[in-house]
Amino acid sequence: MERTTSPASPPLPDVAGLLDGIPGQRGVRPVPPHVERPRERPGERLAQGPAEPPARTDAVPRKGRPAGVRVRVPVPFTLAYAAVLAVTSYVAAHADPALVYALYQGSSTDVAHLLQTPALVLAASALWVAGGFASFFTLAFVVVLAVLERRIGGARTAVVFLLGHVLATLATEVPVGLAVLVGRLPDSSLHRLDYGISFGVAGSVGALAGLLRPWLRGLLLVGFGGMLLQDLIAYTDPLTNWGHLIALATGVALWPWVRRWDLRAGPARPRQAASPSAA
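Residues numbered from 1 in each chain as written. Predicted model: local features only at pLDDT ≥ 70, side-chain atom pairs only at ≥ 80, totals over all residues. Heavy atoms only, no water.

Draft legend 1. Looking closely at the overall build of the protein. Assigned secondary structure in the protein consists of 11 helices and zero strands. When the helices and strands of the protein are read in sequence order from the N terminus, they spell out α-α-α-α-α-α-α-α-α-α-α. Excluding contacts between residues fewer than 6 apart, the proportion of contacts in the protein whose partners are at least 24 apart in sequence is 75%. Here the protein displays about 20,500 Å² of accessible surface, and carbon together with sulfur accounts for 64% of that area. (Helix = DSSP H or I, 4+ residues; strand = E, 2+ residues; numbered from the N terminus. Contact = heavy atoms within 4.5 Å. Areas by Shrake-Rupley, 256 points an atom, 1.4 Å probe, with all protein chains shown as cover.)

Draft legend 2. Representation of helix α8 (residues 198–209) in the model. Compared with the 16 Å implied by 1.5 Å per residue over 12 residues, the 17 Å span of α8 between its first and last C-alpha is a close match. Across the 12 residues that make up α8, a large majority, 12, are buried. Listed as buried for α8 are Ser198, Phe199, Gly200, Val201, Ala202, Gly203, Ser204, Val205, Gly206, Ala207, Leu208 and Ala209. (Expected span 1.5 Å × (residues − 1). Buried < 20%, exposed > 50% of the residue type's maximum accessible area, 1.4 Å probe, protein only.)

Draft legend 3. Fine view of the pattern of salt bridges. Here the structure, examined in full by the defined rule, presents three salt bridges. One salt bridge in this structure joins arginine 192 and aspartate 237, with 3.4 Å as the shortest N-O distance. With arginine 192 in the loop between α7 (154–181) and α8 and aspartate 237 in the loop between α9 (214–234) and α10 (238–253), this residue pair connects regions lying 45 residues apart in the sequence. A residue is classified by how much of its surface remains accessible, and aspartate 237, at 29% relative accessible area, is partly exposed. Because the salt bridges share partners, they merge into one network encompassing Glu173, Arg192 and Asp237. (Salt bridge = Lys/Arg side-chain N within 4 Å of Asp/Glu carboxyl O.)

Draft legend 4. Local environment of the environment of arginine 264. Here arginine 264 lies in the segment after α11 (255–261). Sequence separation between arginine 264 and arginine 150 is 114 residues, and the spatial gap between their C-alpha atoms is 9.0 Å.

Draft legend 5. Quick look at the nonpolar core. Judged by nonpolar contacts, the single largest core of 34 residues is most densely connected at Phe141, Phe161, Ile197, Val201 and Val258. Contributions of two or more residues to this core are made by α2 (76–94), α6 (136–152), α7, α8, α9, α10 and α11. (Core = buried A, V, L, I, M, F, W, Y, C linked by side-chain atoms within 4.5 Å.)

Draft legend 6. Geometry of the environment of proline 186. Note on placement: proline 186 falls in the loop between α7 and α8. By relative accessible area, which is 47% here, proline 186 ends up partly exposed. Along the chain, proline 186 and valine 176 lie 10 residues apart, while their C-alpha atoms are 9.8 Å from each other.

Draft legend 7. Quick look at unusual backbone geometry. Look at tyrosine 235: it is not a glycine, yet its phi comes out positive at around 60°. Turning to its location among the elements, tyrosine 235 is positioned in the loop between α9 and α10.

Draft legend 8. Focus on a nonpolar patch on the surface. Nonpolar side chains collect at one region of the surface, where Leu170, Val174, Leu178, Leu181 and Val182 lie side by side and expose about 490 Å² of accessible area between them. Within the fold, valine 174 resides in helix α7. (Patch = residues over 30% accessible without salt bridge, like charges linked within 9 Å, V, L, I, M, F, W, Y side chains within 5 Å.)

Draft legend 9. Representation of the packing of aromatic side chains in the model. Throughout the structure, instances matching the rule amount to seven aromatic pairs. Aromatic pair tyrosine 81 and phenylalanine 161: ring centres 5.4 Å apart, planes at 75°, arrangement edge-to-face. Residue tyrosine 81 is located in helix α2, and its partner phenylalanine 161 is located in helix α7; the two are separated by 80 residues in the primary sequence. For the pair tyrosine 81 and phenylalanine 161, one class covers both residues: buried. Each ring, one from phenylalanine 136 and one from phenylalanine 137, has its centre 5.5 Å from the other, and the planes form 75°; the classification is edge-to-face. When its relative accessible area of 43% is taken as the criterion, phenylalanine 136 is described as partly exposed. Take phenylalanine 137: its relative accessible area is 18%, and that puts it in the buried class. (Phe/Tyr/Trp six-rings, centres within 6.5 Å; stacked < 30°, edge-to-face > 60°.)

Draft legend 10. Region of interest: the packing of α2 against α6. Two numbers describe how α2 lies on α6: the axes approach to 8 Å, and their chain directions differ by 155°. Accordingly, the angle class assigned to the pair α2 and α6 is roughly antiparallel. The hand of the α2/α6 crossing is right-handed. Of the residues in α6, those touching α2 at Pro76, Phe77, Thr78, Tyr81, Ala82 and Leu85 are Phe141, Val142, Leu145, Ala146 and Glu149. Partitioning the contact of α2 with α6 into residue classes produces nine nonpolar, one polar and one charged. (Axes fitted to C-alpha atoms, helices over the stretch in contact; angles between N-to-C directions. Parallel < 35°, antiparallel > 145°, perpendicular 65-115°, else oblique. Left-handed = near helix turned anticlockwise from the far one by under 90°. Nonpolar A, V, L, I, M, F, W, Y, C, P; charged D, E, K, R; others polar.)

Quick look at the structure:
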């Protein structure tokens, strides 16, 4: 057989410049020249000194009160009022007796002063403690008002105290003025000394009883009320003794309000709507 030869195939076109955008093409990438690290001379590290340790980023914060945080006073009204009573009691114990009597007379909620400057004497008479700062009513004042303030707040505690103080004062002094007017009492009864915090304390005791548990409420009312009744039976100062009982009754009459103001009481749950079948 005769051997045939195929015609020569044409040469392939040069496509080296057509695939520049495709990575990983044939060819050897240029290798960067090797950079030699300079060698350290002997003793050079010792001359530079020890390396500084890296700064700690996980440092534990210092304990203490943050800046700008204020210390909260639990019962500011009670403590401030007690401080005022301590000052006035110190004045009453160490000042000249004539001056003390003049201060008592000017602060008295007698009929004459109530007709002239009622608001002034009602406020001033509550700045003194009858019997001194170490009396029973001072201790009762601090304990009762502190507990009441923790339950209903300082402003509402002041309202309760003032209501007991004012209403009991008016309830005892108005009958005196009427008795003098009809001639049943002498005119000197119009200038009877009447001052102190006892009416406000009695009213606060009555209001606080409404926030206590039933057994503790009964114990407080029976104990405090029994003491007031004993003083009334003794008949040493009937107007003041009646005023204490009236103030206690005033505090009891405030139970619906103080229970509504109680800060420890949870929010009232909304009533569920009645189902059509129940109707």
